[in-house]
Amino acid sequence: MLQIVGWVVLGLLALIALAALATVLRVALRRRAALKAFPPLGKFITVNGTRMHYHQFGDGPDVVVAHGATSQIRECLATYGPDLAKDFRVTIFDRPGQGYSQRTRRMGESLRDQAEQMDDACAALGIERFTLMGQSLGGSIGLAWAIYRPGRLEAMAIIAGPAYRWIPKLPWRIRGPAMPILGPVISYLVCAWWPQRKYDTDYGNMFTPRQMPENYGDKIGLRLALLPENITADNRQLLRMERDLTDMAPRYGEIRIPVELVTGAEDQMVSAQLHAT
């Protein structure tokens, strides 16, 4: 009987080892494909000991862009960036832990951490005064920027940016990859085995009630945002964001620069009634 149990245990361990090996190999293949399809577009700068990826284009007064969650530089370039560059010099960073920028904190950067890191990056690039454009989570970072590092800001535009805590309980798809120990393991499994088309469907829900533009995921480099380390960093930031917004809300009256809020009247993710009034 003990011999049978021993064989069963060995068989289970062998299956687990094979599954782990298959996961690692599948992630390696997906990583190779993503990095080949979506290489760095800009330059790199080291700020506070952390490497930041940025792209600067256009000519005119300075506009700095803070992009949203599950995203990186390419989304700006595939959407509003070219129009901005007709009248402004546009600088956009991969946020800490996203795209090709390194994370600054293992357990996830707060909104303030990200704002201060990008403000220091602006200083290192010689950008003294600028208008900030924050999209989605980048808009929340913009609010933190205006509270904690307002010195360089001339004005700010927030596009569909959450200003207040609005999700009573964050779903498992965020809490799982954000876990202290198991989070990176979950991110590996998600990257390896979650169908890519499911990502496109979930991302498309953010465009409701409209349809997501055709091939949008490929245009913005979505596969790069779905590498394991980016999944973990992204969701740890989202987990912290809820607490950060609660702490920041009483201080919005301190903001002294002009702020333009742009939110879709039918936006079902970031309600205009809550976040833009």
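Residues numbered from 1 in each chain as written. Predicted model: local features only at pLDDT ≥ 70, side-chain atom pairs only at ≥ 80, totals over all residues. Heavy atoms only, no water.

Some words on the overall build of the protein chain
No. 1: A count of helices and strands for the protein chain gives twelve helices and seven strands.
No. 2: The dimensions of the protein chain, computed from C-alpha atoms along their principal axes, are 75 × 40 × 40 Å.
No. 3: Counting all 277 residues of the protein chain, 45% fall into the buried class.
No. 4: Sequence-distant contacts in the protein chain: of pairs separated by 6 or more residues, those separated by 24 or more amount to 76%.
No. 5: Carbon together with sulfur atoms contributes 59% to the accessible area of the protein chain, which is approximately 14,300 Å² in total.
No. 6: Separation between the mean location of the 32 positive side-chain charges and that of the 26 negative ones in the protein chain comes to 8 Å. (Helix = DSSP H or I, 4+ residues; strand = E, 2+ residues; numbered from the N terminus. Buried < 20%, exposed > 50% of the residue type's maximum accessible area, 1.4 Å probe, protein only. Contact = heavy atoms within 4.5 Å. Areas by Shrake-Rupley, 256 points an atom, 1.4 Å probe, with all protein chains shown as cover. Lys, Arg positive; Asp, Glu negative; His and termini not counted. Charge placed at Lys NZ, Arg CZ, Asp CG, Glu CD.)

What about a nonpolar patch on the surface?
No. 1: Together, Ile 181, Leu 182, Val 185, Leu 189 and Trp 193 make up an exposed nonpolar region whose accessible area comes to about 530 Å².
No. 2: Residue placement: Ile 181 occurs in the loop between α6 (172-175) and α7 (182-193). (Patch = residues over 30% accessible without salt bridge, like charges linked within 9 Å, V, L, I, M, F, W, Y side chains within 5 Å. Salt bridge = Lys/Arg side-chain N within 4 Å of Asp/Glu carboxyl O.)

Considerations on the layout of surface pockets
No. 1: Empty space within the largest pocket amounts to approximately 1,600 Å³.
No. 2: Lining the largest pocket are 50 residues, and of these Ser 136, Asp 202, Tyr 203, Met 206 and Met 269 sit closest to its centre.
No. 3: The biggest single contributor to the lining of the largest pocket is helix α11 (residues 228-248), with seven residues.
No. 4: For the lining of the largest pocket, the class distribution of residues is 31 nonpolar, eleven polar and eight charged.
No. 5: By volume, the second largest pocket is sized at about 220 Å³.
No. 6: Looking at the lining of the second largest pocket element by element, the count peaks at three residues for α11. (1 Å grid on protein atoms, 1.4 Å probe; cavity = no way out; pocket = protein on both sides within 12 Å on 5 of 7 lines; lining within 4 Å. Points joined across faces, edges and corners; volume = space filled by probe spheres on them. Nonpolar A, V, L, I, M, F, W, Y, C, P; charged D, E, K, R; others polar.)

Some details on the packing of helix α4 (residues 111-124) against α11
No. 1: Packing of α4 against α11 brings their axes to within 8 Å, and their N-to-C directions diverge by 95°. Taken together, the axes of α4 and α11 lie roughly perpendicular to each other. Across from Leu 111, Asp 113 and Gln 114 in α4, the residues of α11 making contact are Gln 237, Arg 240, Met 241, Asp 244, Leu 245 and Met 248.
No. 2: Its residues placed into classes, the contact of α4 with α11 shows four nonpolar, two polar and three charged. (Axes fitted to C-alpha atoms, helices over the stretch in contact; angles between N-to-C directions. Parallel < 35°, antiparallel > 145°, perpendicular 65-115°, else oblique.)

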